[in-house]
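# Residue-level structure breakdown
Residues per chain are reported as follows:
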Amino acid sequence: MRVVRSINDMRNVIADWRRTGATVGLVPTMGGVHAGHLSLIRVAGEHSDQVIATLFVNPSQFSLDEDFDAYPRDEDKDLQMFGEAGASLLFAPPIEEIYPNGHVTKVHVEGLSSLLEGKFRPQYLTGVSTVVSKLLIQAMADVAVFGEKDYQQLQVIRRMARDLDIPTVILGAPTIREYDGLAMSSRNRYLSAAERPHAGRLFSAISDIARATAEGADPIPLCNAAERRLIESGFRQVDYITVRDANTLEQYRGPGTPGRVLAAAWLGKARLIDNLDV
Ligand code: PAF
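Residues numbered from 1 in each chain as written. Predicted model: local features only at pLDDT ≥ 70, side-chain atom pairs only at ≥ 80, totals over all residues. Heavy atoms only, no water.

This paragraph deals with the packing of aromatic side chains. Overall, the coordinates contain four aromatic pairs when judged by the stated rule. Look at Phe56 and Tyr99: their rings are 6.1 Å apart centre to centre, the planes differ by 50°, and that puts the pair in the tilted class. Pair noted here: Phe56 is in the loop between strand S3 (50-55) and helix H3 (75-85) and Tyr99 is in the loop between helix H4 (95-98) and helix H5 (117-120), with a separation of 43 residues, a long-range link. Phe56 gets classed as buried once you look at its relative accessible area, which sits at 6%. Note on Tyr99: relative accessible area 16%, which makes it buried. Here the aromatic rings of Phe120 and Tyr240 are separated by 6.1 Å at their centres, their planes lie at 40°, and the arrangement is tilted. With Phe120 in helix H5 and Tyr240 in strand S7 (residues 237-245), the pair connects residues that are 120 residues apart, well separated along the chain. For Phe120, a relative accessible area of 38% corresponds to the partly exposed category. Classification of Tyr240 by relative accessible area gives buried; the value is 10%. Connected via pairs of aromatic rings, a cluster forms that spans Phe62, Phe68 and Tyr71. Directly above the ring of Phe68 sits Arg73, whose terminal nitrogen or CZ lies 4.8 Å from the centroid. (Phe/Tyr/Trp six-rings, centres within 6.5 Å; stacked < 30°, edge-to-face > 60°. Helix = DSSP H or I, 4+ residues; strand = E, 2+ residues; numbered from the N terminus. Buried < 20%, exposed > 50% of the residue type's maximum accessible area, 1.4 Å probe, protein only. Lys NZ or Arg CZ within 6 Å of the ring centre and 35° of its normal.)

Grouped together as the largest cluster of nonpolar side chains are 45 residues, with contacts concentrated most on Ile52 and Leu136. Mapped by element, the contributors of at least two residues to this core are helix H1 (7-19), strand S2 (24-29), strand S4 (89-91), helix H6 (124-139), strand S5 (143-147), helix H7 (151-163) and strand S8 (259-267). A per-element tally of this core places H6 first, with eight residues. Core analysis: the second largest hydrophobic core is formed by 22 residues, Cys223, Phe235, Val238 and Val243 among them. (Core = buried A, V, L, I, M, F, W, Y, C linked by side-chain atoms within 4.5 Å.)

The next subject is the site of the ligand. By nearness alone, every residue bordering the ligand is listed as Pro28, Thr29, Met30, Asn58, Gln61, Val128, Val131, Val132, Asp150 and Gln153. Here an oxygen atom of the ligand and a side-chain polar atom of Gln61 are 2.6 Å apart. In this structure, Gln153 approaches the ligand through a side-chain N or O atom, which is 2.8 Å from an oxygen atom. In isolation the ligand exposes 290 Å². Once the protein is present, 88% of that is buried. Sorting the residues of the shell around the ligand by element identifies S2 and H6 as the ones contributing at least two each. Considering every element that reaches the shell around the ligand, the biggest residue donor is H6, with three residues. Class assignment of the residues belonging to the shell around the ligand gives a composition of five nonpolar, four polar and one charged. (Near = heavy atom within 4 Å. Polar contact = N/O pair within 3.5 Å; in protein donor to acceptor, adjacent residues only side chain to side chain. Areas by Shrake-Rupley, 256 points an atom, 1.4 Å probe, with all protein chains shown as cover. Nonpolar A, V, L, I, M, F, W, Y, C, P; charged D, E, K, R; others polar.)

And the structure:
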């Protein structure tokens, strides 16, 4: 598997592929590769002939008090795993390739970026839509794949690509889970051995809410009770646990309309996020 570090080199490889008539899939990542990322590579491979994985820990989506420095970095291991899953190229640019001196442009999706995650991590979704719009424009792939685990991020990217007329088809891939339902995430490594057995409770909580809401129950008391139970079982803070309209992430409109349960909660140093279809 080849590694390129400049936009030009990536474009040259893509141009060679295009000359042979190949289609191209893109899987943007920040590394810390786990089975969830590998499933994104496989989904991209089902929809395109050549798959590019990108590896870039994007500083603009972290605030100063977040884990940019601690974020897992092991390029050799990531490269090997991407290759085994079927990627043919790794684009791993240095920071100055993506944000050269004097870079001032931001891409902000109004509304969607200010809800839920946006309330707790104000820079996160604008950082994501900025870097992902750049990667999409740089590669001009046929498809790009993102995990449903970061459901709000996926919705923001879909809206951004549509609003900016970026022709790449944005695909969402299902969340990959551990034995107890915990959604796979690079940040799960922040859980201590004592905390890990409790982590699956977030998935149990949203599963119960999704099931009862689908059967017509009012989600608000369900979410309030789930929040209390999570705190009783060792979570130190619940940022939100809520049922929203699956497309706009505004208020859920009730039975017969698309709904999504979304939650973010702290267990020790790990901020776990998860979501499920109603
Ligand atoms: O989900 C991620 O890993 C990142 O937010 C992404 C989409 C690669 C943008 O940096």
